[in-house]
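Chain and residue survey
Residue-level listing of the chains:
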Amino acid sequence: MAIFFFLVLALLNLATWILHLWTLAAGASLVISAIATARAANGRGDAIAPSRARNFDSQPEMTSDVS
């Protein structure tokens, strides 16, 4: 549909508008794609990376089998 619209603009001698509208369409597509990716990652739980910091308060207890 967009290509047909650009063809009409070219036939009406408004070709200078094609680049501006193409840029807006590409930007809108990028934003929509980023939102969809963020929602998909959030649904899987991948949106926030797990913390790599160690929690030293909950170390396993050292035990021995030798009695």
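To be clear, the structure that these remarks concern was listed above.
Thoughts on the overall build of the protein
Looking only at helices and strands, one finds two helices and zero strands in the protein. Here the protein has roughly 6600 Å² of accessible surface; of this, 66% comes from carbon and sulfur atoms.

Focus on the packing of aromatic side chains
For the structure on display, the rule yields two aromatic pairs. Pairing F5 with F6 gives two aromatic rings, centres 6.3 Å apart and planes at 55 degrees, and the pair type is tilted. Assessed through its relative accessible area of 10%, F6 is described here as buried. Put simply, the rings of F5, F6 and W22 pair up and form one aromatic cluster.

Some words on a nonpolar patch on the surface
A surface patch of nonpolar side chains, about 920 Å² in accessible area, is lined by M1, F4, L7, V8, L11, L12, L14 and W17. Broken down by element, the residue count for the nonpolar patch peaks at four residues, all from helix α1 (residues 2–11). Tracing the chain through its elements places M1 in the segment before α1.

Re unusual backbone geometry
Here N13, not a glycine, exhibits a phi torsion of approximately 60 degrees, which is positive. Tracing the backbone shows N13 in the loop between α1 and α2 (16–44).

Thresholds applied
- Residues numbered from 1 in each chain as written.
- Predicted model: local features only at pLDDT ≥ 70, side-chain atom pairs only at ≥ 80, totals over all residues.
- Heavy atoms only, no water.
- Helix = DSSP H or I, 4+ residues; strand = E, 2+ residues; numbered from the N terminus.
- Areas by Shrake-Rupley, 256 points an atom, 1.4 Å probe, with all protein chains shown as cover.
- Phe/Tyr/Trp six-rings, centres within 6.5 Å; stacked < 30°, edge-to-face > 60°.
- Buried < 20%, exposed > 50% of the residue type's maximum accessible area, 1.4 Å probe, protein only.
- Patch = residues over 30% accessible without salt bridge, like charges linked within 9 Å, V, L, I, M, F, W, Y side chains within 5 Å.
- Salt bridge = Lys/Arg side-chain N within 4 Å of Asp/Glu carboxyl O.

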